[in-house]
Amino acid sequence: MLIFKDIDPKAKNHYLCVPKSHFKLLADMTEEQSEMLKACFKKIPQLKKELGLEGKIVVLGVSASWSTAKGLDDFIALSKELDVRYKVVLVGNVEEEKIAGTGIVHIPPVQDAKELARYYNMADVFVNASVQETFGLTTAEALACGTPCVVYNKTACPELIGDGCGYVVENYAALKKQICSVAGGGKSAFATACRLHAQTMFCMETNVDKYIELYIQAQPKTDSEKRKDESNVRK
């Protein structure tokens, strides 16, 4: 569960259960929402317990298939170099022999959105070490769950990180440093900014409207519109 101040503060705090529901006050919850909230409180500790991660700082990576280009080598290095307080968790397809003996917790691909959200919510920091992203959907998903991100300053990755949402870095040394920085500040210091940034930047309705507006602007002008423009210039 994330707790954050409303943009239009009609209530002191709003309560958001990712990814399903939003309500203004605890007293306003329906019975269904109350049960969902209880489940949220239970599932994150349960997931950590299931994975043997209780008390650990979880560094999460998510990819359909792991490779060097997706940052696998960096995650292997992190698993060896971060101290015992940290644990690297990778979700997605990976050749087991490549991570054997590293201590990395491997989770097979997760297709269910709600189940995947459990991992994003469990993580203390999300890392996108990819150097070939056209957008970076997993980074956006992590932000939507209130999880701060550390990404490389490569291709589309830096465009997703808003103020207070994590860090954009140039190399592996900086990646490792900023992971520790996020852990030192605590996930809660970033959660509000992450969630609000995701709501603002990745809202489907808002972005569809922007695409339609750009499409309209790109259409060739009619002769009447051209004459109107010429007339305005003369004025």
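Residues numbered from 1 in each chain as written. Predicted model: local features only at pLDDT ≥ 70, side-chain atom pairs only at ≥ 80, totals over all residues. Heavy atoms only, no water.

Trainee: I keep staring at the overall build of the chain and nothing clicks. Help me out?
Mentor: Counting its secondary structure elements, the chain contains nine helices and nine strands. Among the 235 residues that make up the chain, the fraction classed as buried is 43%. In the chain, the proportion of contacts linking residues at least 24 apart, taken out of those at least 6 apart, comes to 54%. Total accessible area on the chain is roughly 13500 Å²; 53% of this is exposed by carbon and sulfur atoms. (Helix = DSSP H or I, 4+ residues; strand = E, 2+ residues; numbered from the N terminus. Buried < 20%, exposed > 50% of the residue type's maximum accessible area, 1.4 Å probe, protein only. Contact = heavy atoms within 4.5 Å. Areas by Shrake-Rupley, 256 points an atom, 1.4 Å probe, with all protein chains shown as cover.)

Trainee: Can you help me understand the nonpolar core in this one?
Mentor: A general feature of soluble globular proteins is that nonpolar side chains tend to end up buried together. Residues Leu 60 and Ile 179 are the most contacted members of the largest nonpolar core, which totals 52 residues. Excluding residues within four positions of it along the chain, Ile 179 makes contact with Val 59, Leu 78, Tyr 86, Val 125, Val 127 and Val 150. (Core = buried A, V, L, I, M, F, W, Y, C linked by side-chain atoms within 4.5 Å.)

Trainee: Would you take a moment to explain the sheet that holds strand S7 (residues 125-128) for this structure?
Mentor: For sheets, the rule is that strands pair by backbone hydrogen bonds, running either parallel or antiparallel. The six strands are arranged S6-S5-S4-S7-S8-S9 in an open sheet whose pairing can be described as parallel. The strands lining the two open edges of the sheet, one partner per strand, are strand S6 (105-107) and strand S9 (166-169). Averaged over all pairs of adjacent strands, the angle between strand axes in this sheet comes to 20 degrees, irrespective of strand direction. Taken together, the seven bridges between strand S4 (residues 57-65) and strand S5 (residues 86-93) define a ladder with parallel strand orientation. For Val 62, the partnering residue across the bridge sits in S5 and is Val 91. In the packing of helix H4 (residues 113-122) onto the sheet, contacts are made with S4, S5, S6 and S7, and the angle to S4 comes to roughly 145 degrees. (Pairing = 2+ DSSP bridges. Axes fitted to C-alpha atoms, helices over the stretch in contact; angles between N-to-C directions.)

Trainee: Sorry if this is basic, but what is going on with the confidence of the model for the chain here?
Mentor: Do not read the predicted coordinates in detail wherever pLDDT is low. Averaged over all residues, the pLDDT of the chain equals 86, while 81% of them reach at least 70. Per-residue pLDDT stays below 50 along residues 1-16; that stretch engages in 43 contacts with residues further than four places along the chain or on separate chains. (pLDDT = per-residue confidence, 0-100.)

Trainee: Before we go on, may I ask you to explain the pairing of strand S8 (residues 149-152) in this structure?
Mentor: Where burial is concerned, the two faces of S8 agree: the one with Cys 149 and Val 151 and the one with Val 150 and Tyr 152 are both buried. For S7 and S8, the ladder comprises three bridges, and the chain directions are parallel. Its bridge partner being in S8, Val 127 is matched across the sheet by Val 150. In this fold, S7 hands off to helix H5 (residues 137-144), which returns the chain to S8; that crossover is right-handed. One ladder, built from four bridges, connects S8 with S9; its direction is parallel. Each bridged residue has a counterpart across the sheet, and for Tyr 152 the counterpart in S9 is Val 169. (Right-handed = clockwise from strand over helix to strand, strands pointing away.)

Trainee: Before we go on, may I ask you to explain a nonpolar patch on the surface in this structure?
Mentor: Taken together, the side chains of Met 204, Val 208, Ile 212, Tyr 215 and Ile 216 present a nonpolar region at the surface, about 550 Å² in accessible area. Of the residues examined, Ile 212 reaches a relative accessible area of 44% and is grouped as partly exposed. (Patch = residues over 30% accessible without salt bridge, like charges linked within 9 Å, V, L, I, M, F, W, Y side chains within 5 Å. Salt bridge = Lys/Arg side-chain N within 4 Å of Asp/Glu carboxyl O.)

Trainee: What should I look at first to understand unusual backbone geometry in this one?
Mentor: Across residues other than glycine, the phi torsion is negative in most instances, and most of the peptide bonds are trans. Its identity as a non-glycine residue notwithstanding, Thr 155 has a phi of 40 degrees, on the positive side. Mapped onto the fold, Thr 155 is located in the loop between S8 and S9. Thr 155 gets classed as partly exposed once you look at its relative accessible area, which sits at 47%.

Trainee: Any chance you could explain the packing of helix H2 (residues 72-81) against helix H6 (residues 172-185) here in plain terms?
Mentor: The axes of two packed helices give the description: the angle between them and the distance between them. Look at H2 against H6: their axes get within 11 Å of each other, and the N-to-C directions meet at 55 degrees. By the angle between their axes, H2 is oblique relative to H6. For the crossing formed where H2 meets H6, the hand is right-handed. Along the contact surface, H2 presents Asp 74, Ala 77, Leu 78 and Glu 81, while H6 presents Tyr 172, Leu 175, Lys 176 and Ile 179. Considered class by class, the residues forming the contact of H2 with H6 number five nonpolar, no polar and three charged. (Parallel < 35°, antiparallel > 145°, perpendicular 65-115°, else oblique. Left-handed = near helix turned anticlockwise from the far one by under 90°. Nonpolar A, V, L, I, M, F, W, Y, C, P; charged D, E, K, R; others polar.)

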